[in-house]
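Examination of the molecular architecture
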Amino acid sequence: MNTLDKLNVLLLFASAVLLAMACVKADRVRAWRERLNPSAPELPDAAFVCARVVFVALAACGVYTAVQGFGVSDGQSWDDKELTSAVRQATDDLDGYRFTVDDSGTPLYFDDYASLLEQKVTEHGGADAPQYGVTATPSDTDTPAHANLTVTADGTDTTFCTHIERTRSKKDDYSPPGLYGGDSSLTYRGYRIAVRSGEGRC
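Residues numbered from 1 in each chain as written. Predicted model: local features only at pLDDT ≥ 70, side-chain atom pairs only at ≥ 80, totals over all residues. Heavy atoms only, no water.

**Considerations on the overall build of the protein chain**
Short version of the rule: Numbering of helices and strands runs from the N terminus; a helix is a DSSP stretch of H or I covering at least four residues, while a strand is a stretch of E covering at least two. Restricting the calculation to C-alpha atoms gives the radius of gyration, and the globule rule supplies 2.2 Å times the number of residues raised to the power 0.38. Partly exposed residues are those whose accessible area sits between 20% and 50% of the maximum for their type, while under 20% is buried and over 50% is exposed, using a 1.4 Å probe and protein chains only. Here, residues are in contact when the closest pair of their heavy atoms is within 4.5 Å. For the accessible areas, the method is Shrake-Rupley and the probe is 1.4 Å, while residue cover comes only from the protein chains on display.
Helix and strand counts for the protein chain come out as five helices and five strands. Traced from its N-terminal end to its C-terminal end, the protein chain shows the element sequence α-α-α-α-β-α-β-β-β-β. The C-alpha radius of gyration computed for the protein chain amounts to 30 Å, which surpasses the reference 17 Å derived for 202 residues by more than 25%, pointing to a less compact arrangement than a globule. Scored against the burial criterion, the 202 residues of the protein chain give a buried share of 32%. Contacts spanning at least 24 positions in sequence make up 61% of the contacts within the protein chain whose residues lie at least 6 apart. When the accessible surface of the protein chain is split by element, carbon and sulfur atoms take 56% of a total near 12800 Å².

Set out below in structure tokens:
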């Protein structure tokens, strides 16, 4: 439970105390006052009515604020269902993904598999999930052809192992237009990746 959730629970508890105070009978309050201060003036019934209205109004405000706070807290962290759904959709989205690399073998449209996977999982998180907090941790034995990444997210202990396997795809090679519309001597090599994910760390 994060700090915001703890504050929300405390606010609900305080609201419950206020409601309990509003339910205390006037005769009991008068008896307490008389024992503590026998010379105190008698409280009119109108005072108790006003006090009850104030207590109930404060309790209602507390409950409303706590409910809103839980909504804010939910939007700041991931839960098991959100991460599970996002990883599955990201896996389907990336399976068969095509890309090209430059002469050094660096992909042209993303930095590495980890950043690509983090981006896709975040995109598929849904409206209630935050647009941050996803981490894809590569394994020490990863290569450009084979990679295993452990996916985690803030707010949940659920983890996924995503396996990525790259294959050469000559039909996806790309040659930019040459000068003055002629043929280009530069060719960016094309690749495709096969992706699968399972629950647990790699």
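**Comments concerning helix H4 (residues 80–94)**
Worth spelling out the cut-off: Expected span of a helix: the number of residues minus one, times 1.5 Å. Counted as a polar contact is a pair of N or O atoms within 3.5 Å, where, for protein atoms, one must be capable of donating a hydrogen and the other of accepting one, and residues adjacent in sequence contribute only when both atoms are in side chains.
Between its first and last C-alpha, H4 extends 21 Å over 15 residues, near the 21 Å set by a 1.5 Å rise per residue. Residues Glu82, Leu83, Thr84, Ala86, Val87, Ala90, Thr91 and Leu94 constitute the buried set of H4. Where H4 starts, the residue carrying a side-chain oxygen 3.2 Å from the main-chain nitrogen of Lys81 turns out to be Asp79. Looking one or two residues beyond H4, the residue adopting positive phi is Gly96, at roughly 90°.

**Some remarks on the sheet that holds strand E4 (residues 156–168)**
Note the threshold: Any two strands with at least two DSSP-identified bridges between them are counted as paired. Note on geometry: axes are C-alpha line fits, over the in-contact stretch for helices, and angles between N-to-C directions span 0 to 180 degrees.
The antiparallel open sheet is built from five strands, whose spatial order is E1-E5-E4-E3-E2. Only two strands of the sheet have a single neighbouring strand rather than two, namely strand E1 (97–101) and strand E2 (134–138). Between one strand and the next, the sheet's axes are offset by a mean angle of 30°, whatever the strand orientation. As judged from the seven bridges shared by strand E3 (residues 146–153) and E4, these two strands associate in the antiparallel manner.

**Considering the state of the cysteines**
Using the following cut-off: The term disulfide is used for any two cysteine sulfur atoms that are within 2.5 Å.
Tallying each qualifying case throughout the model produces one disulfide. What pairs with Cys161 in a disulfide is Cys202, and their sulfur atoms sit 2.0 Å apart. Because the sign of the S-S torsion sets the handedness, a value of about 110° for the bond joining Cys161 and Cys202 places this disulfide among the right-handed ones. Of this pair, Cys161 sits in strand E4 while Cys202 sits in the segment after strand E5 (189–199), placing them 41 residues apart in sequence. The exposure class assigned to Cys161 is buried, which follows from its relative accessible area of 18%. For Cys202, a relative accessible area of 44% translates into the label partly exposed. This cysteine, Cys50, is not joined by any disulfide, and Cys61 carries the nearest cysteine sulfur, 17 Å off.

**Quick look at the packing of aromatic side chains**
Selection criterion: Think of it this way: a Phe, Tyr or Trp ring, Trp meaning its six-membered ring, pairs with another when their centres are within 6.5 Å, and the plane angle makes it stacked under 30 degrees, edge-to-face over 60, tilted otherwise.
All told, the structure shown has six aromatic pairs when counted by the stated rule. Ring centres of Phe99 and Tyr191 lie 6.0 Å apart, and the angle between their planes is 25°; on these two criteria the pair is classed as stacked. Taken together, the residues span a long stretch of sequence, with Phe99 in strand E1 and Tyr191 in strand E5 at a distance of 92 residues. In terms of burial, Phe99 and Tyr191 fall into one category: buried. One aromatic cluster is present, built from ring pairs that chain together Tyr97, Phe99, Phe110, Tyr113 and Tyr191.

**Topic: the layout of surface pockets**
Definition in use: Whether a set of points on the 1 Å grid over the protein atoms alone is a cavity depends on a 1.4 Å probe fitting there but being unable to get out, while an open set qualifies as a pocket with protein on both sides within 12 Å along at least five of seven lines; lining residues are those with an atom within 4 Å of a point. Grid points are joined across faces, edges and corners, and a volume is the space filled by probe spheres set on the points. Charged residues are taken to be Asp, Glu, Lys and Arg, nonpolar residues to be Ala, Val, Leu, Ile, Met, Phe, Trp, Tyr, Cys and Pro, and polar residues to be all remaining types, Gly included.
Approximately 230 Å³ is the volume attributed to the largest pocket. Lining the largest pocket are 16 residues, with Asp111, Asp112, Tyr113, Thr143 and Pro144 sitting closest to its centre. For the lining of the largest pocket, the elements supplying multiple residues, two or more each, are E1, helix H5 (113–123) and E3. Its residues placed into classes, the lining of the largest pocket shows ten nonpolar, two polar and four charged.

**Some thoughts on the pattern of salt bridges**
Counted only if it meets this: Should a side-chain nitrogen of Lys or Arg be within 4 Å of a carboxyl oxygen of Asp or Glu, the pair is scored as a salt bridge.
Per the counting criterion, the structure on display carries five salt bridges. The shortest N-O distance in the salt bridge between Asp172 and Arg192 comes to 2.8 Å. Here the residue Asp172 occupies a position in the loop between E4 and E5, and Arg192 occupies one in strand E5, the gap between them amounting to 20 residues. Taken together, the salt bridges that share partners define one network made up of Asp93, Lys120 and Glu123.

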